Amino acid sequence: MRLLNNPLSSLRPLLQCPPLPLRRRCCLSTLSANSGTLSCRRLSTDGPAPPPVIGQDSVAVLGHSYPRDDFTNVTPRILAKVGLNLHNQSHHPLWLIKERIKAHFYSAYVGRWGNPLFSVHDNLSPVVTVEQNFDSLLIPPGHPSRKKGDNYYLNRKTMLRAHTSAHQRELVSSGLDAFLLVGDVYRRDEIDASHYPVFHQMEGVRLFSNHELFSEVQHGQDLSLFEAAGRRTPQKQETHSLEAVKLLEFNLKLTLTRLVTQLFGEDLEVRWVDCYFPFTHPSFEMEVRFQGDWMEVLGCGVMEQELLISAGAGHKAGWAFGLGLERLAMVLFGIPDIRLFWSQDQRFLKQFQVDDVQQPVCFQPLSKFPPLHNHISFWLPEDEDDFTENDFYELVRSIGGDLVEKVSLVDQFTQPNTGRRSQCYSIIYRHTERTLTQQEVRLVHQEIERSAETELGVQGRY
């Protein structure tokens, strides 16, 4: 495998860190979105927005106020990330990845008049409606992905987007047939070196008319995107003809193979795995061979026709893909810890100050400061439905912030007489820029212990 057109043998020092845990998120970034006015807001370029505020009755973010209710669970630490837009900060590693992908699409896909075929949208507000984030994507009301424990809600109707696809319907409705969509997304999740509650996605959409898809096929004038009285099979949707789906699938896989080859190098091994998403069919994941293992890098598929119909583009068919920018940057640059993307340490940031976005960057690790290990054990509430692991992870993040490198469940047991369950978590503290003392960590850890009892209803076993 080659990275940035360099032989693998020359990159071995870059790739010495252990393989990253695979992040089994809905990698496709979900497709199609909505026509609500909220989604049309773009982040202001006239100056910094007022700082976010969580008040007693409302949440203020990006210059707008949202009433609080029983679903409000966004925290000050998370709101502080809104509007930072790392993917738009010049010479940030996420910006470099975005620019490389843009450059590839701009040069490889050109319209009839020589202009880029794909437009790029990277400044849409991350505050969206629940309808945008879920309903417009055919995600049913009781679906697990809607859970309060997995998302950041401003209230029952408004949230921080969990995927950039929350904006797709408005872009398709506006008449766009080919675009890239980039932005920060927010999900409550576990804590380790490759998971962070704010990360960045890029997805692409391309739609085809009947003429566009079949124009280069012999006797293409006799073929159609759609068939009447069709049925859904593992290979296609009920409305699509088999010829159309096969051409869409071929075009999609060719487009993505060219992209990852441009990013990783000509010798890259690629394989496709069938999978399921509620918004595409058929659906696939691309895996690449990295450090001897197969690693998932993106999800993709043929867009559900119902989504295009809702966006006023039912006479066309198309595909979509989605990938995580952090995942690509960690692999391409050898960045071992996702927290580093938020670092203001110039020793980190200066490494990406390049004159040409295609210039190879080999991340030189900062000094590895020693970790401090602490444990916390507690009895779960009698009604265990009142407690979720994500609630505990979020509490640890809200108190410990980026001092916390990893949280993992290391032991649990059930008391035979009472049936109560106890859990023990290991919390690893490590600063990315200096050595922590056990004394300062202990203060943070004690606050986590106290808050776990008062906010989560657990009973400490300290």
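Residues numbered from 1 in each chain as written. Predicted model: local features only at pLDDT ≥ 70, side-chain atom pairs only at ≥ 80, totals over all residues. Heavy atoms only, no water.

Asks: Residue-level account of the packing of helix α11 (residues 389-400) against helix α12 (residues 438-456), with values.
Replies: The angle between the axes and the distance between the axes are what describe a pair of packed helices. The contact between α11 and α12 brings their axes to 10 Å, and the two run at 135°. Taken together, the axes of α11 and α12 lie oblique to each other. In this structure, the crossing between α11 and α12 has a hand that is right-handed. Contact with α11, carried on its side by Asp391, Phe392, Leu395, Val396, Ile399 and Gly400, involves Val444, Glu447, Ile448, Ser451, Ala452, Glu455 and Leu456 of α12 and no other residues of that element. (Axes fitted to C-alpha atoms, helices over the stretch in contact; angles between N-to-C directions. Helix = DSSP H or I, 4+ residues; strand = E, 2+ residues; numbered from the N terminus. Parallel < 35°, antiparallel > 145°, perpendicular 65-115°, else oblique. Left-handed = near helix turned anticlockwise from the far one by under 90°. Contact = heavy atoms within 4.5 Å.)

Asks: Describe the packing of aromatic side chains, naming the residues involved and giving the relevant values.
Replies: Here the distance between the centres and the angle between the planes together describe a pair of aromatic rings. Per the counting criterion, the structure on display carries 18 aromatic pairs. A centroid spacing of 5.7 Å and a plane angle of 70° characterise the contact between tyrosine 109 and phenylalanine 118, whose relative ring orientation is edge-to-face. In terms of burial, tyrosine 109 and phenylalanine 118 fall into one category: buried. With a centroid separation of 5.4 Å and 65° between ring planes, the pair formed by phenylalanine 378 and phenylalanine 392 is classed as edge-to-face. With phenylalanine 378 in strand β14 (residues 372-379) and phenylalanine 392 in helix α11, the pair connects residues that are 14 residues apart, well separated along the chain. Both residues of the pair, phenylalanine 378 and phenylalanine 392, belong to the buried class. Its end group placed over the ring of phenylalanine 71, lysine 148 keeps NZ or CZ at 5.6 Å from the ring centre. (Phe/Tyr/Trp six-rings, centres within 6.5 Å; stacked < 30°, edge-to-face > 60°. Buried < 20%, exposed > 50% of the residue type's maximum accessible area, 1.4 Å probe, protein only. Lys NZ or Arg CZ within 6 Å of the ring centre and 35° of its normal.)

Asks: Tell me about unusual backbone geometry, and please be specific about residues and values.
Replies: The peptide bond linking histidine 281 to proline 282 adopts the cis configuration, its omega dihedral lying at -5°. In this structure, proline 282 sits in strand β11 (residues 280-290). Backbone geometry at leucine 138 places phi at a positive 65°, although glycine is not the residue there. Examined against the element boundaries, leucine 138 turns out to sit in the loop between α4 (130-133) and β6 (153-155). Owing to a relative accessible area of 28%, leucine 138 belongs among the partly exposed residues under this scheme.

Asks: Summarise the pairing of strand β10 (residues 270-277); cite the residues concerned and give the values.
Replies: As paired strands, β10 and β11 are joined by seven bridges and run antiparallel to one another. In the sheet register, tryptophan 272 faces β11, and the bridge partner there is methionine 286. The hairpin turn running from β10 into β11, its antiparallel successor, is two residues long. (Pairing = 2+ DSSP bridges.)

Asks: So what's going on with the environment of serine 398? Which residues, and what values?
Replies: Topologically, serine 398 is positioned in helix α11. Here the alpha-carbon distance between serine 398 and threonine 75, two residues 323 residues apart in the chain, equals 7.1 Å. Within the structure, serine 398 has its side chain in polar contact with the backbone oxygen of leucine 395 (distance 2.8 Å). (Polar contact = N/O pair within 3.5 Å; in protein donor to acceptor, adjacent residues only side chain to side chain.)

Asks: So what's going on with the pattern of salt bridges? Which residues, and what values?
Replies: When charged atoms on two side chains of opposite charge get close, those side chains can pair. Applying the stated criterion across every chain, the model contains 23 salt bridges. Across the pair arginine 169 and glutamate 131 runs a salt bridge, and its minimum N-O distance is 3.4 Å. With a gap of 38 residues between them, arginine 169 in helix α5 (residues 168-173) and glutamate 131 in helix α4 connect regions that are remote in the sequence. Judged by its relative accessible area of 29%, glutamate 131 is partly exposed. A salt bridge links glutamate 449 to arginine 442; its shortest N-O distance comes to 3.5 Å. Bridged by salt links that share partners, the residues Lys98, Glu99, Lys102 and Asp122 form one connected network. (Salt bridge = Lys/Arg side-chain N within 4 Å of Asp/Glu carboxyl O.)

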